[in-house]
Amino acid sequence: MMKNLLALAAAACLSLPVFAQQAPNDLVQQVTEDVLEIIHKDREIQNGSTDKVIDLVDKKVLPHFNFRRMTALAVGKDWRKATPQQQQQLATEFKTLLVRTYANALTGYRNQKVVYKPFRMKPEETDVLVRTEVQQPGNKPIQLDYSLELRDGVWKVYDVTVAGISLVTNYRDQFAQEVRAGGVDGLIASIATKNRSLEANQAKAEKK
Amino acid sequence: MMRKAPSIVPACRALLAAGLLVAGGAAFGEGNPRDPYEGFNRSMFAVNEVVDKYAAKPVAQVYDRATPLPVKAAVGNFFGNTGMLWVGVNSALQGKFADSGIDFGRLLINSTIGIFGLFDVASELGLERHDEDFGQTLAVWGVGDGGFVFWPVIGPRTLRDTAGWGVDYAADPVRYFDPTGVRDAVSIVRFVDIRASLLPSDRVVEEAALDKYAYIRDAYLQRRLNQIHDGRPPRLDDDY
């Protein structure tokens, strides 16, 4: 269930030419529909090809996410303690972790329907919440919201919330715990270790 | 998460009592202010992981593979409908009378036209499905959450939501199904249905979490806050 939603979450943005004038809700809708269409047609993705999905996410989705902001949000107050170089490393590792985790979720997309909630914003707003809902047979609909920020004339997603659970701030306590134990470098190391073990598991699964 | 299987209830009560004792006597030093009973919780989490791995999850997987989608949907709709009366009561207790009217309308429509709740006709008609329980009602009335507790079998709950769950349990129509054989069978199917609906998220949690316990705890707390505020929780400070 959640996996599929995460799939849609990952589907947040597609690399169509972005027009600054394009409203954030239109952006979310366009990208969601385009990515879902690709998934619908792609047998390899439906059969769980991780590489194929990561590729799709890399090309179509990532350009519309602000990973630096996401990482800062996930790290919280320790972010200021990190040097620019550490911040860079954190953002890179966190991106790898989120992409791998949620790309896999994309492969599980089936039988769902996305409904876009009414959206209103004032023209001068630069930080908005776009609300959608995923409907599935026999289950409660699941709320799926995107936080977007306008910067340099471009809307970018900096948080995704599934059933009220932020995929970003849900890391805050875990990250703080790592920083307490081993400093910022300790946190970077543990995310990197996690990424490597996920990669190894994938390789193992594909050999079978 | 996993709820209301009558056969295990006496055991739950005993554990609950034991847990409250532990929780009451425990001041686990520093640590996370939102998780005052972390030591106890982590051991219960470990117990639950084992129970899930060897019992709940395998059964849910068999159910998930063997059951065609329309049947699964009907089962989900049926249990959604049996809970609708209580949802309506809680909407009313929270002062949301319009919502409450919709909840009772849903119950009426789905129980009749929807054939005992097997089809969710009300949603097709555009009547929104709300998500309420007594723990949320307590929160709306101003009861604090009392700290996070990880219970065996029933899983994560705050102390307030544990109390709410007790009331939800007493108000559960399935409990009054007769004969008891039917009641128990229905309760087990519901438990399996709920567990099966969580299967796809298993892998995500497994892969996403640095610390699975903390990931589940924080996700639970965020989700409850969202439910209490009906999908519009107050924004977290950016804090960086």
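Because the structure is predicted, anything quoted here is derived from the model rather than measured.

Colleague: Give me the lowdown on the interface of chain A and chain B, citing residues and values where you can.
Modeller: Put simply, an interface is often sized by how much accessible area is lost when its parts join up. On the side of chain B, 36 residues touch chain A, which itself brings 46 residues to the contact. Taken together, the two surfaces of chain A and chain B that pack against each other cover about 3,600 Å², and 50% of this comes from carbon and sulfur. Scanning the region where chain A abuts chain B turns up 3 salt bridges. Between Asp173(A) and Arg34(B) there is a salt bridge whose closest N-O contact spans 2.9 Å. Seen at the junction of chain A and chain B, the total is 16 residue pairs in polar contact (both at pLDDT 80 or more).

Colleague: So what about the nonpolar core? Which residues, and what values?
Modeller: Of all hydrophobic cores here, the largest spans 66 residues; its most connected members are Val57(A), Leu90(A), Tyr102(A), Leu148(A), Tyr171(A) and Phe175(A). At 9 residues, the largest contribution of residues to this core is made by helix α6 (residues 84-106) of chain A. With near-sequence residues (within four places) excluded, Leu90(A) lies in contact with Thr71(A), Val75(A), Trp79(A), Val184(A), Leu187(A), Ile188(A) and Ile191(A). Membership of the second largest hydrophobic core comes to 9 residues, among which are Phe79(B), Val174(B), Val192(B) and Ala196(B).

Colleague: Describe empty space enclosed by the protein, with residues and values.
Modeller: In this approach the atoms are scanned with a rolling probe the size of a water molecule, which exposes any empty space left behind. Residues and elements named next belong to chain B. Per the counting criterion, the structure on display carries 3 cavities of 30 Å³ or more. If you add up the space inside the second largest cavity, you get close to 50 Å³. In terms of lining, the second largest cavity is formed by Asn 77, Gly 80, Asn 81, Met 84, Arg 106, Asn 110, Gly 117, Phe 119, Asp 120 and Arg 129. Looking at the lining of the second largest cavity, the element that brings in the most residues is helix α3 (residues 69-82), giving 3 residues. For the lining of the second largest cavity, the class distribution of residues is 2 nonpolar, 5 polar and 3 charged.

Colleague: Now, about the sheet that holds strand β5 (residues 165-166) of chain A: what can you tell me, with residues and values included?
Modeller: Residues and elements named next belong to chain A. Overall, antiparallel pairing links the 5 strands, which are arranged β1-β2-β3-β4-β5 in an open sheet. In this open sheet, the two strands that pair with only one neighbour each are β1 (113-116) and β5. Looking at chain direction, strand β3 (residues 142-151) and strand β4 (residues 154-162) are connected through 8 bridges and run antiparallel. Paired with Arg 151 across the two strands is Val 154, which belongs to β4.

Parameters at a glance
- Positions within a chain are numbered from 1, following the residues in the order the chain's sequence is written.
- Starting at A for chains and at 1 for ligands, labels are handed out in the order in which the entities are written.
- Only residues with pLDDT of at least 70 get local features here, since the model is predicted, and only at 80 or more are side-chain atom pairs given and counted; chain-wide, interface and lining totals rely on the full set of residues.
- Only heavy atoms go into the side-chain values, all of them from the structure, while hydrogens and water stay out.
- Only heavy atoms matter for contacts: two residues are in contact if any of them lie within 4.5 Å across the pair.
- Note on definitions: buried area is the accessible-area loss of two parts on being combined, 1.4 Å probe, summed for both.
- In the sections that follow, a salt bridge refers to a side-chain nitrogen of Lys or Arg positioned within 4 Å of a carboxyl oxygen of Asp or Glu.
- Here a polar contact means two N or O atoms within 3.5 Å. Within protein one must be a hydrogen donor candidate and the other an acceptor candidate, and residues neighboring in sequence count only if both atoms are side-chain atoms.
- To qualify as a nonpolar core, a set must consist of buried Ala, Val, Leu, Ile, Met, Phe, Trp, Tyr and Cys residues joined through side-chain atoms within 4.5 Å.
- The buried label applies to any residue whose accessible area, calculated with a 1.4 Å probe on protein chains only, is under 20% of its type's maximum; exposed applies above 50%, and partly exposed to all values in between.
- Numbering goes from the N terminus for both helices and strands, where a helix is a DSSP run of H or I of at least four residues and a strand is a run of E of at least two.
- Here the term cavity refers to a set of points on a 1 Å grid, laid over the protein atoms alone, in which a 1.4 Å probe fits but cannot get out; the term pocket refers to an open set having protein on both sides within 12 Å along at least five of seven lines, with lining residues being those that place an atom within 4 Å of a point.
- Grid points are joined across faces, edges and corners, and a volume is the space filled by probe spheres set on the points.
- For this classification, Asp, Glu, Lys and Arg are treated as charged, while Ala, Val, Leu, Ile, Met, Phe, Trp, Tyr, Cys and Pro are nonpolar and the rest, including Gly, are polar.
- Only when DSSP finds a minimum of two bridges between them are two strands counted as paired.

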